[in-house]
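# Examination of the molecular architecture
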Amino acid sequence: MDPVALLIELLAIPSSSGEEDAVAHHLIQRMGALGVRTHRDSVGNVHGVVGNPAAERTIVLMGHIDTVPGQIPIRQEGNRLYGRGAVDAKGPLAAFVLAAARLAPRLDNTKLVVIGAVEEEAHSLGAHHLAQTVPPPYCTIIGEPSDWQGVTLGYKGMLSFDYRLEQPGSHGAGEHPGPAEQAVALWNHLMTYSTEYNDGRSGHFDTLDPALSSLHTFSDGLNEGVEMSIALRLPPGLPASDLEESLRSQCNGAELQFHFSAASFQAEKNTPLVRAMLRSIRAEGGHPKFKLKTGTADMNIVGPVWDCPIVAYGPGDSSLDHTPEEHVEIEEYFRAIDVLTGTLETLNGS
C-alpha cells in the first residue's frame, strides 16, 4: 500500500472529536486489506491486531483518530503534505499501521496491537476506556509528533475548567465589583500563584502555566454575568486536586465546572523499549534526542495505569499542532515508518 496515499485518505476524512465514525470505518477497511485483524470497542476505538495471538508479549501502538476542528485543504508542495491531522496525529497513526503490517509475517514472539483512540483532543474518552479494559502490555508507543529522531518521555498535566458568574445588574459606579471584575480577580490570583510557584524553577516542564482560552460578558438588562474558560498546564508534583481546592476558595460564589484533569507523567529512560528506539534511529542515520512536552497526551492517562515501558513517537513537528499550516515532511514520514519497523523487530527478537 502506498504510504502517502494512505495518509492522504485519512486526512481527507474530517474527524473532529466525537465525529470519528467515518475515518474509523475507512481505517478498518485499509487495515483489513493489509491483513490486520480489526474491531471497534464499545466507545469507538479502532483495534488492529497482527502477530502471534497466543504470544505472552503484547506491544501496543496507540494513536488517535480525532483532530481539532478546522479543515486544511489537502495539498502536496514538494516534500510537504498539508492537511488537518498530518502531524496531530494521523501521520503517526498511519506510520504505526504500515510498520505493523510490514513486520506482521515475522512476529513470532509478539502480538502487536495498533489502536486508533477517540476523543484525545477532547477529554481522552478512548484512553480512559483503554486504561480500564486493556491489560498492561509489555510496552507501549503513543502516536504523537516527536520528529523522526526524537523520543518523547513525558508530558505535563492539565486541569481545565469553566467559570460562570451571574448576578443582578448594578450601576458601574456602585460599591460592589461586577462579574467581569470578579472573573479578572480570579485570573489575577492564578497568575500570582503561578509566578510564586515558578520562582526558581528552570525549564517549562517544571512550571505551572495558566492559559485564558475565552472570556465574555452577557446581560439581559436585569442580570449580568461573565463566562471564562481556563486551562492550566501542570508540572510534576502538583496535583490537580490541590488547584481545584484553591480555585473553589477564590471563586466568590461563581460556578466552576471542571472538564479535564490529568497529572504530569514522565516515563523511565532506561528500558528495552527506549534502547530499541535509540538503536533504530541510529541505524537510519539519525541522532536520537529525548523530549519532554509541555502539552498533554493519552500517555498521561494510560501510562500510570499500565505501568509499562512507554514513549511517544511519530513524524512531524509538534509546533504545527492545531495550526493552519499543519503539514508533515514526507521524507520524515517514511523515516519514521522505518524506525518503528526496526524498533519492533528488535523487541520481537529480544
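In what follows, the structure referred to is the one given above.
### Let's talk about the packing of aromatic side chains
Here the structure, examined in full by the defined rule, presents 2 aromatic pairs. Both rings, one in F161 and one in F258, keep their centres 5.4 Å apart while their planes meet at 40°; by these two values the pair is tilted. Separated by 97 residues along the polypeptide, F161 in strand 9 (residues 157-168) and F258 in strand 12 (residues 255-262) bring together distant segments of the chain. As far as the burial class goes, F161 and F258 line up, both buried. A centroid spacing of 5.9 Å and a plane angle of 55° characterise the contact between Y333 and F334, whose relative ring orientation is tilted. Accessibility expressed as a relative area gives 1% for Y333, which makes it buried. Residue classification places F334 among the partly exposed residues on the basis of a relative accessible area of 33%. One residue, R75, lies across the ring of Y82, its end atom 3.9 Å from the ring centre.

### Focus: the nonpolar core
In terms of nonpolar packing, the biggest core is built from 53 residues, with I141 and Y313 touching the most fellow members. Among the elements that line this core, the one with the most residues is helix 3 (residues 90-103), at 9 residues. Here I141 is in contact with V60, L61, M62, F96, L273, M277, V311, Y313 and L340, once residues within four sequence places are set aside.

### Here we look at the environment of P177
With respect to the secondary-structure elements, P177 resides in the loop between strand 9 and helix 5 (179-198). Residue classification places P177 among the partly exposed positions, given a relative accessible area of 42%.

### Things to note about the state of the cysteines
Chemically, a disulfide is nothing more than a covalent bond linking the sulfur atoms of two cysteines. A full pass over the atoms with the stated rule returns 0 disulfides. Take C139: it sits in no disulfide, and the sulfur closest to it among the cysteines is that of C308, at 6.7 Å. The class for C308 is buried, based on a relative accessible area of 13%.

### Points about the sheet that holds strand 16 (residues 327-329)
The strands that make up a sheet are held in pairs by hydrogen bonds between backbone atoms, and each pair lies either parallel or antiparallel. Read across the sheet, 3 strands follow the order 4-5-16 without closing on themselves; strand pairing throughout is antiparallel. The sheet terminates laterally at strand 4 (75-77) and strand 16, the two strands that pair on one side only. The sheet shows a mean angle of 20° between the axes of neighbouring strands, taken without regard to direction. Two elements, strand 4 and strand 5 (residues 80-82), share 3 bridges in a ladder whose sense is antiparallel. Of the residues in strand 5, the one forming a bridge with E77 is R80.

### Focus on unusual backbone geometry
Peptide bonds are, in most cases, trans, and in most cases residues other than glycine have a negative phi. With omega at 0°, the peptide bond leading from D88 into A89 counts as cis. In this fold, A89 is placed in the loop between strand 5 and helix 3. One non-glycine residue, D307, adopts positive backbone phi at about 50°. Turning to its location among the elements, D307 is positioned in the loop between helix 8 (299-306) and strand 15 (310-313). Unlike most non-glycine residues, H322 shows phi in positive territory, near 65°. Under the relative-accessibility criterion, H322 is labelled partly exposed at 42%.

Criteria and thresholds
Residues numbered from 1 in each chain as written. Predicted model: local features only at pLDDT ≥ 70, side-chain atom pairs only at ≥ 80, totals over all residues. Heavy atoms only, no water. Phe/Tyr/Trp six-rings, centres within 6.5 Å; stacked < 30°, edge-to-face > 60°. Helix = DSSP H or I, 4+ residues; strand = E, 2+ residues; numbered from the N terminus. Buried < 20%, exposed > 50% of the residue type's maximum accessible area, 1.4 Å probe, protein only. Lys NZ or Arg CZ within 6 Å of the ring centre and 35° of its normal. Core = buried A, V, L, I, M, F, W, Y, C linked by side-chain atoms within 4.5 Å. Contact = heavy atoms within 4.5 Å. Disulfide = S-S within 2.5 Å. Pairing = 2+ DSSP bridges. Axes fitted to C-alpha atoms, helices over the stretch in contact; angles between N-to-C directions.

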